[in-house]
Amino acid sequence: AGALAFSPDRDEMVLFQKLKKRKKYALIMICGLLVANGIMIHGALTGISVATEEGIMRYSFFDPDGTFYAYSDVEWVEAGFKGKFLGLPVGGTGDFYYKVTYSDGVTENWGECGTQADEDTWSWMFRFDEWCRSGGAEKIGSDEFSEYCEMEQFYVDILIDVVNAR
């Protein structure tokens, strides 16, 4: 009768390869879980706001029904272009910002907003500024550092008009 041959080197090699594959899949699973957790944390910390002629509706993970703000609830508006740090232009210098502070103390930056596909975002921003000011909000703004804005001059001019509108 034939005897079974045992080769420790061959069996150890097969076992090592199986362990190596399991580690690879475990690493992929851990990375996938980290990405999923990052997305969920981002969703919990960020909200979505919708502005119409009637007012602003803020939705968040913790307030899915949303909070409505009439434009009379807007107390303060600050608009401008991000400046230099220690006299040097750094990342973000020239980026437009439009910060709105509501009566309950919540502050929101509308400088990086989007609109419906058929509407120009920066022209819409001019209308949004008019709505905020119509509610009696105080506004401060400066077009300083607009020369660092990396948009076409047509859009920079619109944003300068938004910043300087009183």
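Residues numbered from 1 in each chain as written. Predicted model: local features only at pLDDT ≥ 70, side-chain atom pairs only at ≥ 80, totals over all residues. Heavy atoms only, no water.

Could you clarify how one ought to interpret the overall build of the protein in this entry?
Helix and strand content of the protein: 3 helices and 7 strands. Secondary structure elements of the protein occur, N-terminal to C-terminal, as α-β-β-β-β-β-β-α-β-α. Burial status across the protein gives 27% buried among its 166 residues. In the protein, the share of contacts with a sequence separation of at least 24, taken over all contacts with a separation of at least 6, comes to 50%. As presented, the protein carries roughly 11600 Å² of accessible surface, and 58% of it is formed by carbon and sulfur atoms. (Helix = DSSP H or I, 4+ residues; strand = E, 2+ residues; numbered from the N terminus. Buried < 20%, exposed > 50% of the residue type's maximum accessible area, 1.4 Å probe, protein only. Contact = heavy atoms within 4.5 Å. Areas by Shrake-Rupley, 256 points an atom, 1.4 Å probe, with all protein chains shown as cover.)

Please clarify how the confidence of the model for the protein should be interpreted in this entry.
As a note on interpretation, predicted positions should not be read in detail where pLDDT is low. Per-residue confidence for the protein gives a mean pLDDT of 83; residues scoring 70 or more make up 89%. At the level of individual helices and strands, the protein shows its lowest average pLDDT in helix H1 (residues 8-45), which scores 79, and its highest in strand E3 (residues 67-69), which scores 95. (pLDDT = per-residue confidence, 0-100.)

Would you explain the sheet that holds strand E6 (residues 107-109) in this entry?
Picture the strands of a sheet paired through backbone hydrogen bonds; they go either parallel or antiparallel. An order of E6-E5-E4-E7 is seen for the 4 strands of this open sheet, with the pairing classed as mixed. Each having just a single partner strand, E6 and strand E7 (138-142) make up the two edges of the open sheet. Strand after strand, the sheet turns through a mean of 15 degrees between neighbouring axes, direction not considered. Examined bridge by bridge, strand E4 (residues 74-81) and E7 share 5 bridges and lie parallel to one another. Within the sheet, the bridge partner assigned to glutamate 78 lies in E7 and is isoleucine 140. (Pairing = 2+ DSSP bridges. Axes fitted to C-alpha atoms, helices over the stretch in contact; angles between N-to-C directions.)

So what exactly am I meant to see when it comes to the sheet that holds strand E1 (residues 47-51) here?
Within the open sheet, the 3 strands sit side by side as E1-E2-E3. Their pairing is antiparallel. Strands with a single pairing partner mark the edges of an open sheet, and in this sheet they are E1 and E3. Each strand axis lies, on average, 20 degrees off the axis of its neighbour in the sheet, ignoring direction. With 5 bridges connecting them, E1 and strand E2 (residues 56-60) associate as antiparallel partners. Along E2, the bridge assignment pairs isoleucine 48 with tyrosine 59.

Is there a simple way to explain the side chain of serine 146 in this structure?
Residue placement: serine 146 occurs in the loop between E7 and helix H3 (153-164). Serine 146 gets classed as buried once you look at its relative accessible area, which sits at 12%. Engagement of the side chain of serine 146 in a polar contact is seen with the backbone oxygen of aspartate 143, the distance being 2.9 Å. With sequence-adjacent residues up to four places away left out, serine 146 is seen in contact with Phe81, Val156 and Ile160. (Polar contact = N/O pair within 3.5 Å; in protein donor to acceptor, adjacent residues only side chain to side chain.)

Hey, could you run me through the packing of aromatic side chains in this one?
The relation between two aromatic rings is expressed through the spacing of the ring centres and the mutual angle of the planes. Evaluated as defined, the whole model comprises 12 aromatic pairs. Between tyrosine 71 and phenylalanine 128 the ring centres are 6.3 Å apart and the planes differ by 70 degrees, which places this aromatic pair in the edge-to-face class. With tyrosine 71 in the loop between E3 and E4 and phenylalanine 128 in helix H2 (residues 121-134), the pair connects residues that are 57 residues apart, well separated along the chain. Of the two residues, tyrosine 71 and phenylalanine 128, neither departs from the other in class, the shared state being buried. Measuring from ring centre to ring centre gives 6.3 Å for phenylalanine 145 and tyrosine 148, while their planes differ by 35 degrees; the resulting arrangement is tilted. Exposure remark for phenylalanine 145: the relative accessible area of 18% places this residue in the buried category. Each residue in the set Tyr71, Tyr98, Trp110, Trp124, Phe128 and Trp131 is aromatic and connected to the rest through ring pairs, giving one cluster. (Phe/Tyr/Trp six-rings, centres within 6.5 Å; stacked < 30°, edge-to-face > 60°.)

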